[in-house]
Amino acid sequence: MADEYPEILSVECLRRPSKQEYTKEEMDQKVEERTIDRTSQIVLRKAMEDGTDTVWDRLERQTPHCKFCSEGVSCQRCAMGPCRIMGGDRTRGVCGNDAHLIVARNLLDWVAMGAAAHSDHGRDVVEAVLKGATGGAPDYPVGDVEKLNRLAKEYGIDTGGTTQQTAERLALAMLDEFGTVRGELQMIKRVPAASLEVYKKADIMPRGIDREVVEAMHRIHMGVGNDPYGVVMQGFRASMSDGWGGSMQAMEMSDVLFGTPEIKTSRVNLGVLKKDHVNVALHGHNPVLSEMLVKAAADPDIVARAKKVGAAGINLVGLCCTGNELLMRKGVPQAGNHLDQELTIITGALEAMIVDYQCIFPSLPFTAACYHTIIFSTSPKGTMAGSEYVEVSPENAYQQSKLMLERAIDNYPNRNEQKVLIPDEPVESMVGFSVEAIKKALGGSLKPLLDAIVSGKIRGAVGIVGCNNPHIRHDYGHVELAKRLIKRDILVVETGCASIASGKAGLLKPSAIEMAGKGLKEVCGSLGIPPVLHMGSCVDNTRILNLVAELASMAGVRIDQLPVAGAAPEWYSPKAVSIAEYFVGTGVSTLLGVMPRIGGSPFVTKMLTDDIEHLLNAKFWVEPDPSKACAILFDHIEQKRQALGM
Ligand code: MSK
């Protein structure tokens, strides 16, 4: 790694520039303004006192932003430019494109990027299943045979042979969907026939996972997609190949390998780090490596080695969605969400951070250089300058996991107690609400949930999903919206960093029903569950798709007729744009708390927030204020109820 990047041979501590010094009063104010989580506040203050640079400091230095870029009207698509559009409709770039086309192409670029990221993650999981089934990776046996057989039947695969044979056939059938010549994906057929008709009429039925992403990239090439409407619509089709294809495969096959999540209790926030343990954070998205790290951490040799250096043991903690995957299935405590990744290092108590891919700040090795933390990168797709690279594949994952844990243990004596600050008590959280687990809690089917919605005890449901974004006060958008919705008897289901925000705020505790309205309190109280349900990682948004598909089928209506909605109050990533588009494509109107970069085109903005409803019966809203956002979502749900005569 170092040889490849000779200029980065010395990985220096990332300090805040001296011109960006803060007084004590400024620190007090910034800590309050930047995050609502108390443990994050404590460590953020330490970062300021240590002089360590953070995402918020960098945002401050990048502000004000370029207006052309913010509104999506800068174009770098060919070498005749770059161009930026001034004066709205009347200006054109060198090739003759206008603001609408530039915005549409930039948006499609983001959707394709997000869909590609999720789907490539899905392919990696399916390949691990295949290698496990065919003898190449014996550490990856099938963990949920029932789910394997259920999926095999769905794909029309004979389950008469051995488990390995079924797994091999299913994996090959799924891999075939990346470049399928059959012309349609299997799992989208889970939706009611009437919803399928809407997708066909709108021409957003995905024909193959890779195909839609490649076609998106083709269309945004200069001189191909020259009509903003067609360019935007390809975004919906590409995103549907993510939601009902790549991400769905990632979720289902992770369950096949590692087991379908069940309800359990764990702990959340930076307080999960332990003073007397070797602390190792697992960050990224794909559970293929992290599940193996959990296994390796229990290896007697590893435990003995930790004791030998004077530690009480190994403490694995999660971050972002790799953390969510482990939280759902294994109850591994979660240190935090997206904007906590630097803070976890800044506690001074982290021996190693092991990353796979997605949502990993490139600056982490340089933050780590201010303390004693080792950053291990592990994926050939996610190599990182300044990190220690330990290449991991399903064939060698266990051995490589042990190796990294040994290095972390050996790093424990390097911890500088003077630099350690672990905030106080973590918050208990109930997690693991897969659709299967929800059904189990309800006595075997979703019928009681549907009945509660029809009776009005629960007015409807909102999926709050997505990231943190330093443009929004950390966790504020998620937590304030969730609190307001449950107060109005709206069930909240969550994934990704949104769910961790709720965990930190105590909304994933059964006792949070005290904050809910009367009807929701009664239903959740009788089941002993919280009013906000943790449904997993980013690719687990597909669990929400399955939930609404099953509810709509049971009710005999289209998905878009259900009193449900989506929200991404603090989204930042192109993956979130793809998720938002497949929610709307599926028929679930979605509210964004951060304006996407489409403001430079009145045409594209109106298309997505208004006109698209005529085609898909769903649309977008943009509203950063949680109070107003709640009002929009509540009105939407009440209108849907009224239309169904509820
Ligand atoms: S980790 S994509 S910041 S949810 Fe999935 Fe969180 Fe968003 Fe990454």
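Parameters and conventions
Residues numbered from 1 in each chain as written. Predicted model: local features only at pLDDT ≥ 70, side-chain atom pairs only at ≥ 80, totals over all residues. Heavy atoms only, no water. Near = heavy atom within 4 Å. Helix = DSSP H or I, 4+ residues; strand = E, 2+ residues; numbered from the N terminus. Nonpolar A, V, L, I, M, F, W, Y, C, P; charged D, E, K, R; others polar. Domains from an automatic or database assignment. Contact = heavy atoms within 4.5 Å. Buried area = accessible area lost by both parts, 1.4 Å probe. Salt bridge = Lys/Arg side-chain N within 4 Å of Asp/Glu carboxyl O. Polar contact = N/O pair within 3.5 Å; in protein donor to acceptor, adjacent residues only side chain to side chain. Disulfide = S-S within 2.5 Å. Buried < 20%, exposed > 50% of the residue type's maximum accessible area, 1.4 Å probe, protein only. Pairing = 2+ DSSP bridges. Right-handed = clockwise from strand over helix to strand, strands pointing away. Core = buried A, V, L, I, M, F, W, Y, C linked by side-chain atoms within 4.5 Å. Expected span 1.5 Å × (residues − 1). Axes fitted to C-alpha atoms, helices over the stretch in contact; angles between N-to-C directions. Parallel < 35°, antiparallel > 145°, perpendicular 65-115°, else oblique. 1 Å grid on protein atoms, 1.4 Å probe; cavity = no way out; pocket = protein on both sides within 12 Å on 5 of 7 lines; lining within 4 Å. Points joined across faces, edges and corners; volume = space filled by probe spheres on them.

Okay, the site of the ligand next. Around the ligand, the surrounding shell holds 13 residues, and the nearest of these are His285, Cys359, Cys467, Cys497 and Cys538. Looking at the shell around the ligand, the elements that each hand over two or more residues are helix H13 (320–330) and helix H20 (496–504). Of the residues in the shell around the ligand, the class split is 7 nonpolar, 5 polar and 1 charged. Of the domains in this structure, domain 2 (270–419) and domain 3 (430–569 + 624–643) are the two that each give at least three residues to the shell around the ligand.

Each assigned domain of the chain is listed with its residue range as follows: domain 1 (99–177 + 190–258), domain 2 (270–419) and domain 3 (430–569 + 624–643). Each of domain 2 and domain 3 was reduced to a C-alpha centroid, and the two centroids are 31 Å apart. Contact residues are listed per partner, giving 14 residues for domain 2 and 23 residues for domain 3. Taken together, the two surfaces of domain 2 and domain 3 that pack against each other cover about 1300 Å², and 69% of this comes from carbon and sulfur. When the buried surface of domain 2 facing domain 3 is broken down by residue, Met328, Asn337 and Leu339 rank first, second and third, together holding 45% of it. Between domain 2 and domain 3 we count 1 salt bridge in total. For the pair domain 2 and domain 3, the interface holds 11 residue pairs in polar contact (both at pLDDT 80 or more). For the side of domain 2 that touches domain 3, the elements supplying multiple residues, two or more each, are H13 and strand S6 (334–336).

On to the state of the cysteines. Following the criterion strictly, the structure yields 1 disulfide and no others. Disulfide partner of Cys13: Cys370, at an S-S distance of 2.1 Å. Here the S-S torsion is close to 95 degrees, and the disulfide linking Cys13 with Cys370 is therefore right-handed. Taken together, the residues span a long stretch of sequence, with Cys13 in the segment before helix H1 (24–34) and Cys370 in the loop between helix H15 (364–368) and strand S8 (374–377) at a distance of 357 residues. Look at Cys13 and you get partly exposed, because its relative accessible area is 22%. The thiol of Cys75 is not disulfide-bonded; the next cysteine sulfur, from Cys83, is found 6.2 Å away. Residue Cys75 is classed as buried on the basis of its relative accessible area of 8%.

Glancing now at the pairing of strand S11 (residues 460–464). Along any regular strand, the residues point their side chains to alternate faces of the sheet. For S11, the buried fraction is high: 5 of the 5 residues fall into the buried class. Burial along S11 is two-sided: the face carrying Gly460, Val462 and Ile464 and the face carrying Ala461 and Gly463 are both buried. Pairing of S11 with strand S12 (residues 490–494), which is carried by 5 bridges, proceeds in the parallel orientation. Across the sheet, the residue bridging to Ile464 is Glu494, located in S12. Handedness of the crossover joining S11 and S12 through helix H19 (residues 476–487) is recorded here as right-handed.

Should their charged atoms come close, side chains of opposite charge can pair. On inspection of all chains with the given rule, the structure shows 57 salt bridges. Salt-bridge contacts for Lys147 lead to Asp255; the nearest nitrogen and oxygen are separated by 2.7 Å. With Lys147 in helix H6 (residues 145–154) and Asp255 in helix H10 (residues 228–258), this pair connects stretches of sequence that are 108 residues apart. One salt bridge in this structure joins Lys275 and Glu417, with 4.0 Å as the shortest N-O distance. Of this pair, Lys275 sits in the loop between strand S3 (264–268) and strand S4 (278–284) while Glu417 sits in the loop between helix H16 (397–411) and strand S10 (427–431), and the two are 142 residues apart along the sequence. What makes Glu417 partly exposed here is its relative accessible area of 45%. Beyond isolated ion pairs, a larger network of salt bridges with shared partners links Lys147, Arg150, Glu154, Arg190, Glu252, Asp255, Glu325, Arg329, Glu436, Asp540 and Arg543.

Judged by nonpolar contacts, the single largest core of 168 residues is most densely connected at Tyr199, Phe236 and Met253. The greatest single-element share of this core, amounting to 16 residues, is contributed by helix H5 (residues 99–133). Discounting residues that sit within four places of it in the chain, Met253 has contacts with Val125, Val126, Val129, Leu151, Leu170, Ala171 and Met174. Counting 31 residues, the second largest nonpolar core, distinct from the first, contains Leu44, Val272, Ile360 and Leu364.

Taking 1.5 Å per residue, 13 residues should reach 18 Å; helix H23 (residues 574–586) reaches 18 Å between its end C-alpha atoms and fits that length. Burial of H23 is extensive: 13 of the 13 residues sit out of reach of the surface. Immediately downstream of H23, the backbone of Gly587 shows phi near 120 degrees, a positive value.

Let's shift gears to H16. Over its 15 residues, H16 runs 21 Å from end to end, which matches the ideal 21 Å to within 8%, given 1.5 Å per residue. The set of residues buried in H16 consists of Ala397, Tyr398, Gln400, Ser401, Lys402, Met404, Leu405, Ala408, Ile409 and Asn411. Check the buried side of H16 and you find it contacts S4, helix H11 (287–297), helix H12 (300–308), strand S5 (314–319), strand S7 (352–355) and S8.

The packing of two helices is summarised by the inter-axis angle and the distance between the axes. Taken N-terminus to C-terminus, the directions of H10 and H23 make an angle of 95 degrees; their axes are 8 Å apart at the nearest point. In terms of their interaxial angle, H10 and H23 are classed as roughly perpendicular. Across the interface between the two elements, Val232, Gly235, Phe236, Ser239, Met240, Asp242, Gly243 and Trp244 from H10 touch Ser578, Glu581, Tyr582, Val584, Gly585 and Thr586 from H23.

With that settled, the discussion passes to the layout of surface pockets. The computed volume of the largest pocket comes to approximately 780 Å³. As for the largest pocket, its lining consists of 26 residues, and the residues nearest its centre are Asn469, Pro470, His471, Tyr572 and Arg597. Taken together, the elements giving at least two residues each to the lining of the largest pocket come down to helix H3 (55–62) and H23. No other element matches the 4 residues that H3 contributes to the lining of the largest pocket. Of the residues assigned to the lining of the largest pocket, the class counts are 14 nonpolar, 9 polar and 3 charged.

Here the focus is the environment of Cys66. By secondary structure assignment, the location of Cys66 is in the loop between H3 and helix H4 (67–70). With 436 residues separating them along the chain, Cys66 and Ser502 place their C-alpha atoms 33 Å apart.

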